[in-house]
Amino acid sequence: MSVSSTTANRPSLYDLIIKRGWLGKGLLIVVGLLALWKIVVSLLANPTLFLQQVINGLQLGFVYALIALGYTMVYGIVRLINFAHGDVFMVGAFVSFYGIARFQLHNWLSNLAPNLPPILTQAVGTLSVMAVAMAICALLAFTIERIAYKPLRNAPRISALITAIGVSFFLEYFGALKFVFTPNFITYKRPFEITTWFVNTKGIGQLIQGDTIPEGSVIFSNIFIIIVIASVALLMALNYIVQKTRVGKAMRAVAYDKQTARLMGINTDWIISFTFMIGAALAGAAGMLYAVAFPQVFFWMGIIPGLKAFVAAVLGGIGSIPGAVIGALIMGQAEVLSAAYISTPMRDAIAFSILIIVLLIRPTGIFGEPSREKA
Amino acid sequence: MSKRILVSVFLLAAVLLASCQPAAAPAAPAADTGPIKVAVLAPLSGPVPTFGVSTRDGALMAIEEWNAKGGVLGRKIEAVVEDSQCTPDPAVNAANKVIDQDKVHYIIGEVCSKASIPISEIAEAKGVVQISPTSTNPDVTLKADGSTKKYIFRACFIDPFQGLVMAKFAQGKGYKTAFIMFDQGNDYVRGLAEAFEKSWTEAGGTVVGKETYTSQDTDFSAILAKVAESKAEVLFLPDYYNIVNLVAAQAKEKGVTSVMMGGDGWDSPDLDAKASDGGFFSNHYSPEDTRAKVVDFVKAYSTKYGATPDALAALAYDATYLLLTAIEKAGSDDPAKVAEALAAIELEVVSGKVSFDKSHNPIKAAAVLQVKDGKVSFVESVAP
Amino acid sequence: MKKIPRSSLIFYGGALVFFIVVQLLISFGLLNAFWNTILRLGAVMAIVSLGLNLIYGFNGQFSLGQWAFYAIGAYCAADITYRWANLGSAGGLMVVLMIVLFTGAAILFLRTQLSKIRRLDALSAFSIYLLTTLILGYVALQIGKALDAPVAAALKALPPAVALQVVFFFAVILAGMLAAEISFLFGLPILTLGSDYFGIATLGLTIITKVLLDNSDTLLGFAEMKGARGMIGIPKITTWFWVFLFLIITIVVTRNLLNSSYGRAILSVREDEIAAKAMGIDVANYKILTFVIGSFFAGLAGGLYAHINGFLHPDTFNFIKSFDPMIVIVFGGLGSVTGTIAGAFAWALVLEGFLRLFLPEGFETWRFVVYPLLLLIMMLLKPSGIFGGYEIPFIRAVLPPNQPKRAEDLRSEDAIQSQEAGL
């Protein structure tokens, strides 16, 4: 490391490498190029399989997005990582399961009016199950917020975090009791039958179960369509609430500055509860969609999707709503593509590495505002 | 300066004290009249409480039946149930608790190998007989140097046997290509997958793909897309029924046409027979079996608990029967004698006729079953 | 001759008495293996938590990576003693020793050199460290292998029991050092992230570590670790003496660190990062120093833990369990050494001891329903933890005399709005 004689105008190689940080950037660029190369090679090797994996990742990403929104909204307002959110998601899945399997809630319209076209009755039935799951989750979140978080509003932030972990454990193990959700893995009953279609250059067709996929085609199912439509609709509804309504405005005000919001006559406690409820309602919907896509419910199911959605929220910039969606879509792709092309055992490790690398480049996530530190 | 002296005095005293070994706990005088205590260590919380509940129920039912017959050696049997969470630390604590606090001489459990191994270390050191109903890892009954632990037994097959059975069976059906999926974090699944792969390739089959996942995964789309692409004839998935249900449901919608095959983990009343239709798996016994033992067991269990027994319940029941029979044969409450009796035992239980080999693994036949039209039917029996 | 303060005398005396009493109880069989194991696990937890308390409680860095370093320490120490006890080889010991020495020396040297370059960003520095440690690590590996035979021969000259204890002692220390060095490399870029983001990145480390351990036999190439099958054949030699000794060392090191100018700088970073910077404190430097020391304790504790059960399984190092030390330090009282130790023992005794003994028959499944309820009630009644701000005189003597800003005043909701330090 000889000190090079730096002239005033031209930076020496040493300056470029060491002082301008190109060594570090170079490391990131090499990693990025490797990943890109891998993706391009896989795309060229088998374009249909690659497209298929992208669709798989999209389906996963949209479900993550719904969960991630709850994390990001709550964090935006009270700066609390609500670890119990994943378990609210689990409760949503269970509520929809009982609604379908025990109370036949999805059939109410077809029972009332058997002559309506089945597609309509099914859609209405599915939507009502989802609405019930959302309502119950919102109620649950309201209760949790009032009992466990509100008393701690002025306590150290970590106390609330530990309480959140406590609530999470409680919901899981209480749910695992025999008279609640039972500790079993329960096969979920979908409110409708699956249909799969294949698309290739020649056109589109329905895939009959048991048949092999025609050469060179990509398949997708009605589950994929439903998840995408439901997620996009819910996201638009959320966007409307946050951007256009009075409550939404109040939420943004509270997130920005709680003290001032209170002085402006906003009932901050209520707004915080409301935020928790909206987040939980989305988690409830996500719980149902998740269970429809991966038909199994059990008391532990919220932890991992919850964690991944949380990572997605951080990736996108926690506190930012578009960030949560983009982050979730990236997480979905990262998970599926790394499982497909890099290494299945390392898929979670890769997802986290992506997170760490993104944070190194943008320390507050993709859409995150720069942290408001005292300047 | 004197601080240093203080520290040295402290250290000296400490070393002196530490050097006096804890007095070997005096073997509890075998009370000849009190009840014989049997500990049931099962994962009642943690990731797989459902396995724990089945195991506990199976073992408790066996104990109740014996008590109804008048107990063993004329003494009542008392069960001590403890939660061991399928995790090493709580399992060790649970084992220490039942051995030191409750003074049991016999342990039924644990379900998971990763909990059974640390328990077996303690049980072996303290001379307590342990029968694990379902831990398949060879290390449960073996020491690090490969010799057998005197007091430790198991009631299930070890991995290589089931893998061999399924590989042979699949090739007998004329299949040539297989895709293997396994949980990288689960030794049972991994053991079976490795054993299958070995037997499969040795017998001339090709493994067209091998993918791993973790027990927490629910999205198998990426792997299944590869399976569909590989056009494998057999998809070997030796995991528990919960994963099988998920994979099978997604496989159908991803256009996978391979025949699914697996091991005894599939056996459960909760197996999604619709999704896994056409799949084959190896098991300890066939629920259709007409042997009196099986019929009685299935009937008693379903009246008592309102559910069809799964493999875990059956094996826990068997393990308890093996233990109690061995106590009776030994004619004493002395664990050393009971362990000897167990090693020499030959007994007809629910999962077949059982005796132990020199590594304390049971020698018994395996059944190959098929999921068909919503129920599980017997295909063939494969002797060891 | 310097006079020893009364508080120190009381502390050392009290510790000695406590140790002797427990050891006597164990020696006479009054404290059976059940309670003995819980005590040892509690002490190990106390060491891990003290490390985290240093990082989070005293320095304000919200780390969820403590468990990863615990895992690294456990597997490192286990591998060293495994090779000695089962293969009669000192290879593990020498290789780790050489790696620790070489890379440690390299890191220290590079620090003096790199500190001369101004405006060097963390990522570039990281690349330089990484490259150097990788190269030196390889060299160290070869040297370590070469030293295996002579050292093994020398150790075999000792009585076997003594040799095992010697290997064990070094294994535990080296486990801590290795964890510390890895934490340095990892912390260098990551510590530039703010509060919660740092927490999530460290959580990522915990998860990545667990994945690697699951595949330690295939991906990492350590056949004896057996990956997800669990590592067996580790000698069970962590006695009450060893855990207590290391616990006392940890407490004393923490205390002396707090008593130094370093300690006051570390505290100042927690209280107000910007003010600290304005006072000329190299904030980044102290953050990494605390992180490394805290991780050293985690590695140490891991080394001790590995030899309690003689069995290691990656599931022990699951990310869900990584919240345990966090729960312990908040439960005991954040930023309180006394509270952390009490919290660790209470946590172990309640969760594994009392709940097992006192829950009635048939309610075994309720253990984990009662535990979060206890935690919730506790947090709602006393959000600042059992001990709040209390310290035993031994520790209190070295804290800044007047510490009006307890954590709770500082981190109240409104302070958070403008102040991002700590979670």
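Scoring rules and cut-offs
Every chain's residues receive numbers from 1 upward, in the order its sequence appears when written. Both sets of labels track the order of writing: A upward for chains, 1 upward for ligands. It should be noted that, the model being predicted, local features are given only for residues of pLDDT at least 70 and side-chain atom pairs only at 80 or more, the latter also being counted only at that level, while totals for whole chains, interfaces and linings use all residues. UniProt positions are given in the numbering used here, feature names are shortened, and annotations may be inferred rather than shown by experiment. Numbering of helices and strands runs from the N terminus, with a helix taken as a DSSP run of H or I at least four residues long and a strand as a DSSP run of E at least two residues long. Between the two quantities, the radius of gyration covers C-alpha atoms and the globule rule is 2.2 Å times the number of residues to the power 0.38. Three exposure classes are used, all based on how many other C-beta atoms lie within 10 Å of a residue's own C-beta (placed from the backbone): buried at 20 or more, exposed at 12 or fewer, and partly exposed between those limits. Residues are defined as contacting one another if the C-beta atoms placed from their backbone atoms lie within 7 Å. Any residue that is not Ala, Val, Leu, Ile, Met, Phe, Trp, Tyr, Cys, Pro, Asp, Glu, Lys or Arg is counted as polar, Gly included; the first ten are nonpolar and the last four charged. Each pair of strands is called paired provided DSSP finds at least two bridges between the two strands. Note on geometry: axes are lines fitted to C-alpha atoms, helical ones only across the stretch in contact, with angles between N-to-C directions running from 0 to 180 degrees. Note on terminology: a nonpolar core is any set of buried Ala, Val, Leu, Ile, Met, Phe, Trp, Tyr and Cys residues joined through C-beta atoms within 7 Å. Where each domain starts and ends follows an automatic or database-derived domain assignment. As a per-residue quantity, pLDDT reports the predictor's confidence and falls between 0 and 100.

Going by what an unreviewed UniProt entry lists, chain B is known as Amino acid/amide ABC transporter substrate-binding protein, HAAT family and is assigned to Levilinea saccharolytica.

An unreviewed UniProt entry lists chain A under the name Amino acid/amide ABC transporter membrane protein 1, HAAT family, with Levilinea saccharolytica as the source organism. Looking at chain A in UniProt, the text filed under Sequence similarities (unreviewed entry) is "Belongs to the binding-protein-dependent transport system permease family. LivHM subfamily."

Can you walk me through the overall build of chain B in this structure?
Along chain B, the regular secondary structure elements total 11 helices and 15 strands. The globule rule puts the C-alpha radius of gyration for 384 residues at 21 Å, and the 23 Å found for chain B is close to it. Of all 384 residues assigned to chain B, the portion counted as buried reaches 59%. Taking all contacts inside chain B whose residues are at least 6 apart in sequence as the whole, residues at least 24 apart take part in 67%.

Help me understand the interface of chain B and chain A, please; the structure alone is not making it clear to me.
Taken residue by residue, the interface counts 30 residues in chain B and 30 residues in chain A. Sorting the residues of the side of chain B that touches chain A by element identifies helix H2 (49-68), strand E7 (206-213), helix H7 (221-230) and helix H8 (241-253) of chain B as the ones contributing at least two each. For the side of chain B that touches chain A, the leading source of residues is H7(B), giving seven residues. Taken together, the residues of the side of chain B that touches chain A break down into 10 nonpolar, 11 polar and nine charged.

Looking at this model, I keep getting lost on the sheet that holds strand E2 (residues 196-200) of chain A. Mind explaining?
What holds strands together in a sheet is hydrogen bonding between their backbones, with the strands either parallel or antiparallel. All names here are of chain A. Across the sheet, which stays open at both edges, the three strands sit in the order E3-E2-E4 with antiparallel pairing between neighbours. Whereas interior strands pair on both sides, the edge strands pair on one side only; in this sheet they are strand E3 (203-207) and strand E4 (218-221). Across the sheet, the axes of successive neighbouring strands diverge by a mean angle of 30 degrees, strand direction being ignored. Across four bridges, E2 lies against E4 in antiparallel orientation. Residue pairing across strands places Phe198 opposite Ile219, the latter belonging to E4.

Before we go on, may I ask you to explain the nonpolar core in this structure?
Inside soluble globular proteins, nonpolar side chains tend to come together where they are buried. Formed by 406 residues in total, the largest nonpolar core has its most connected members in Cys137(A) and Ala285(A). Two domains each put at least three residues into this core: domain 1 (36-157 + 291-365) and domain 2 (159-283) of chain B. If near-sequence neighbours (up to four positions away) are discounted, Cys137(A) is found in contact with Val88(A), Val91(A), Gly92(A), Ala280(A), Ala281(A), Ala283(A) and Gly284(A).

In this structure, what is going on with the confidence of the model for chain A? I would like to understand it.
Atom-level detail of predicted coordinates should not be read off regions where pLDDT is low. Residue and element names in this part refer to chain A. With 94% of its residues at a pLDDT of 70 or more, chain A shows a mean pLDDT of 86. Per-element confidence in chain A is highest for helix H4 (residues 85-101), whose mean pLDDT is 94, and lowest for helix H1 (residues 13-19), whose mean pLDDT is 68. Across residues 1-7 the pLDDT falls below 50, and counting only partners more than four positions away or on other chains, this stretch makes five contacts in the model.

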